[in-house]
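One-letter residues, chain by chain:
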Amino acid sequence: MGDAVISKRGETTIVVTREVDAPRDAVWAAHHDPEQVRRWWGIEGHDNHITEIDLRPGGRWRFGQRGPDGGEVVFGGEYREIEPPWKFSYTKEWAGGDSLITIQFDEQGAGTSVTLRCEFASRELRDHVAEEGMGRLRASYDRMDALLAAN
């Protein structure tokens, strides 16, 4: 387990690396099994509902979060590339344009190194996500670590 290392690359890219103390197959499953995703992904204290994970090139994904105040946010996109248990990529739809996210899982002894490469439609969107979303990403991966440790 470790903290996420986040770096901006070029004009529109963020690269995040995170060590996870679990085998690659378990980390892969935690990213695609709806029940597991619901338990670790998103903002703490929000009710997550996974409405679609069609894990194939061209398949759609859709996740929603309902806050304590009843407000809801829904995220979605399309899977582009699927290479279990090594790598997958997908689009994520934003108000400022889509992003392309590629997540790679590399075995590191008994654990897994997870690398997210996030390519945004603009520098402004990249900078907004870097400022607003990276703390939530770290917290999500902390919850995933706890979920995998309990299994």
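Higher on the page you've got the structure.
We now turn to the structure provided with this report. Not measured: the values here are computed from a predicted model.

About the criteria used
Residues numbered from 1 in each chain as written. Predicted model: local features only at pLDDT ≥ 70, side-chain atom pairs only at ≥ 80, totals over all residues. Heavy atoms only, no water. 1 Å grid on protein atoms, 1.4 Å probe; cavity = no way out; pocket = protein on both sides within 12 Å on 5 of 7 lines; lining within 4 Å. Points joined across faces, edges and corners; volume = space filled by probe spheres on them. Helix = DSSP H or I, 4+ residues; strand = E, 2+ residues; numbered from the N terminus. Nonpolar A, V, L, I, M, F, W, Y, C, P; charged D, E, K, R; others polar. Phe/Tyr/Trp six-rings, centres within 6.5 Å; stacked < 30°, edge-to-face > 60°. Buried < 20%, exposed > 50% of the residue type's maximum accessible area, 1.4 Å probe, protein only. Salt bridge = Lys/Arg side-chain N within 4 Å of Asp/Glu carboxyl O. Core = buried A, V, L, I, M, F, W, Y, C linked by side-chain atoms within 4.5 Å. Contact = heavy atoms within 4.5 Å. Pairing = 2+ DSSP bridges.

Empty space within the largest pocket amounts to approximately 810 Å³. When residues of the lining of the largest pocket are assigned to their parent elements, the largest contribution, five residues, is made by helix α4 (residues 134–150). For the lining of the largest pocket, the residue count by class is 21 nonpolar, ten polar and three charged.

The full count for this structure, using the stated rule, is twelve aromatic pairs. Measuring from centroid to centroid gives 6.1 Å for Phe88 and Phe105, while their planes differ by 15°, and the two rings are stacked. One end of the pair, Phe88, is in strand β6 (residues 87–92); the other, Phe105, is in strand β7 (residues 99–108), and 17 residues separate them in sequence. For the pair Phe88 and Phe105, a shared accessibility class is recorded, and that class is buried. Each member of the aromatic cluster is reached from another via a ring pair, and the members are Trp28, Trp41, Trp61, Phe63, Phe75, Tyr79, Phe88, Tyr90 and Phe105.

Taken as a whole and assessed by the stated rule, the structure comprises 17 salt bridges. Taking the shortest distance from any N to any O, the salt bridge between Arg56 and Asp54 comes out at 3.1 Å. Relative accessible area serves as the criterion here: at 43%, Arg56 is assigned to the partly exposed category. One salt bridge in this structure joins Glu81 and Lys87, with 3.4 Å as the shortest N-O distance. You can call Glu81 partly exposed: its relative accessible area is 29%.

The next subject is the nonpolar core. Judged by nonpolar contacts, the single largest core of 34 residues is most densely connected at Val27, Trp40, Phe88, Ile103, Val114, Leu116 and Met144. The element that contributes the greatest number of residues to this core is α4, accounting for six residues. Not counting residues up to four positions away in its chain, the partners in contact with Met144 are Val20, Val27, Ala30, His31 and Trp40.

Turning our eyes to something else, we now look at the pairing of strand β1 (residues 5–9). Pairing geometry for β1 and strand β2 (residues 13–20), over five bridges, is antiparallel. Note that in β2 the partner of Ser7 across the bridge is Val15. Linking β1 to β2, which pair antiparallel, is a turn of three residues; within it Gly10 sits at a positive phi near 60°.

These results come straight from atomic positions and should not be treated as a statement about function.
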